[in-house]
Amino acid sequence: MTTIAERARELTDNREPFVHATVVRAQDPTSARPGDAAVIRSDGSIEGFVGGVCAESSVRAAALDTMRDGTALLLRVLPDGAPPFPEAPGARVVVNPCHSGGAIEVFLRPMLPAPALRVVGGTPISAAVATLAAFLDFDVVTTDDDTGCTAVVVAGLGKGEAEAIRAALDAGVGFVALVASDRRGAALLDALGLTDEERARVHSPAGLDIGARTPAEIALSIMGEVVRAIRVDGLVPASGTPTARPQQAVDPVCGMTVLVGPSTPHTRVDGQDVWFCCAGCLASYTAA
């Protein structure tokens, strides 16, 4: 049987984002124990054990939130009527009226793959970009495959540029940096006959305007622009068909936020689906 640690390593090797959840405190009566762990994938699915159905629903919903910005979170799952916790940075309190009466704390650690960057060209600038990107903890791609890349830097200075740009755009890369002058870059892109959407993904001249002259300074300006695109503009890796974020709904009985899936209890009222955290809430709702 595959352990949670082994599954986490497998997802990491496949560059798939996930959240590692670990129970750090449990107060009876509860089915979870300190050390219980699980991984939650970007589609909301969970592998492992961090508590019963109500606690698990809260963990899954919170895990997807942490995956958005990569910030770790301590989730406190408390029974209804428990003394309130003070507000604390990095912590979230969820009250589960359907909880068995115990309380758990779960540490949620998002594991997001490092952004992948491919550098095209055998020039001093391309070498400087690769060195700086590695220093910034980017995954520097050394193959000719743009699949999954967050950005591609084309620094061939006249060699293989058109082919590299076309390949990156076809692979869905959202940021293509072309090292060229205004005039030469515009002529090259015009010759490629790009659509407006494709042209918007190509940045030429590459880099922020910092008056860079040396290869190292040019690399700094390029990586500054790439980092800004990721941190400020929300640039994401090329992924073909993106995974849709699971639908969320509020249980009308207990007020919990639940992730909607094939196994989520639900009923239809006046042609509308109503979702519940567990079969117990569904039974209470239908009885009423």
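Residues numbered from 1 in each chain as written. Predicted model: local features only at pLDDT ≥ 70, side-chain atom pairs only at ≥ 80, totals over all residues. Heavy atoms only, no water.

Caption draft 1: A look at the UniProt feature "domain: XdhC- CoxI" (unreviewed entry) in the protein chain. When the UniProt feature table is mapped to this numbering, "domain: XdhC- CoxI" (unreviewed entry) covers residues 13-76. With 28% helix and 34% strand, residues 13-76 has its two end C-alpha atoms placed 30 Å apart. (UniProt positions renumbered as here; feature names shortened; annotations may be inferred. Helix = DSSP H or I, 4+ residues; strand = E, 2+ residues; numbered from the N terminus.)

Caption draft 2: Structural detail: the UniProt feature "domain: XdhC Rossmann" (unreviewed entry) in the protein chain. When the UniProt feature table is mapped onto this chain numbering, "domain: XdhC Rossmann" (unreviewed entry) sits at residues 117-226. End-to-end, the C-alpha atoms of residues 117-226 are 9 Å apart, and along that stretch the chain is 46% helix and 15% strand.

Caption draft 3: Molecular detail of the layout of surface pockets. Estimated volume of the second largest pocket: approximately 210 Å³. The wall of the second largest pocket is formed by 13 residues, among which Pro-205, Ala-206, Ala-212, Ile-218 and Ser-221 lie closest to the centre. (1 Å grid on protein atoms, 1.4 Å probe; cavity = no way out; pocket = protein on both sides within 12 Å on 5 of 7 lines; lining within 4 Å. Points joined across faces, edges and corners; volume = space filled by probe spheres on them.)

Caption draft 4: Structural context of a nonpolar patch on the surface. A contiguous nonpolar patch, built from Phe-135, Leu-136 and Val-227 and spanning about 280 Å² of accessible area, is present on the exposed surface. When you line up the elements, Phe-135 lands in helix α3 (residues 124-135). (Patch = residues over 30% accessible without salt bridge, like charges linked within 9 Å, V, L, I, M, F, W, Y side chains within 5 Å. Areas by Shrake-Rupley, 256 points an atom, 1.4 Å probe, with all protein chains shown as cover. Salt bridge = Lys/Arg side-chain N within 4 Å of Asp/Glu carboxyl O.)

Caption draft 5: Broad picture of the nonpolar core. Grouped together as the largest cluster of nonpolar side chains are 23 residues, with contacts concentrated most on Ala-21, Ile-40, Val-50, Val-59, Leu-75, Val-106 and Leu-108. Secondary-structure elements contributing two or more residues to this core are β1 (18-27), β2 (37-41), α2 (53-69), β4 (73-79) and β6 (103-111). A total of seven residues in this core trace back to one element, the largest contributor, which is α2. Contact partners of Ala-21, with chain neighbours within four places excluded, come to Asp-36, Ala-37, Ala-38, Ile-40, Val-50, Val-59, Val-106, Phe-107 and Leu-108. Within the second largest apolar cluster, 22 residues are counted, among which are Ala-155, Ala-229, Ile-230 and Leu-235. (Core = buried A, V, L, I, M, F, W, Y, C linked by side-chain atoms within 4.5 Å. Buried < 20%, exposed > 50% of the residue type's maximum accessible area, 1.4 Å probe, protein only. Contact = heavy atoms within 4.5 Å.)

Caption draft 6: Main features of the packing of helix α4 (residues 161-170) against helix α5 (residues 182-192). Interhelical geometry of α4 versus α5 gives an angle of 60° and a closest axis separation of 11 Å. In terms of axis orientation, α4 runs oblique to α5. Crossing of α4 against α5: the hand is right-handed. Judged by residue contacts, Glu-161, Ala-162 and Ile-165 of α4 engage Arg-184, Leu-188, Leu-189 and Leu-192 from α5. Class assignment of the residues belonging to the contact of α4 with α5 gives a composition of five nonpolar, no polar and two charged. (Axes fitted to C-alpha atoms, helices over the stretch in contact; angles between N-to-C directions. Parallel < 35°, antiparallel > 145°, perpendicular 65-115°, else oblique. Left-handed = near helix turned anticlockwise from the far one by under 90°. Nonpolar A, V, L, I, M, F, W, Y, C, P; charged D, E, K, R; others polar.)

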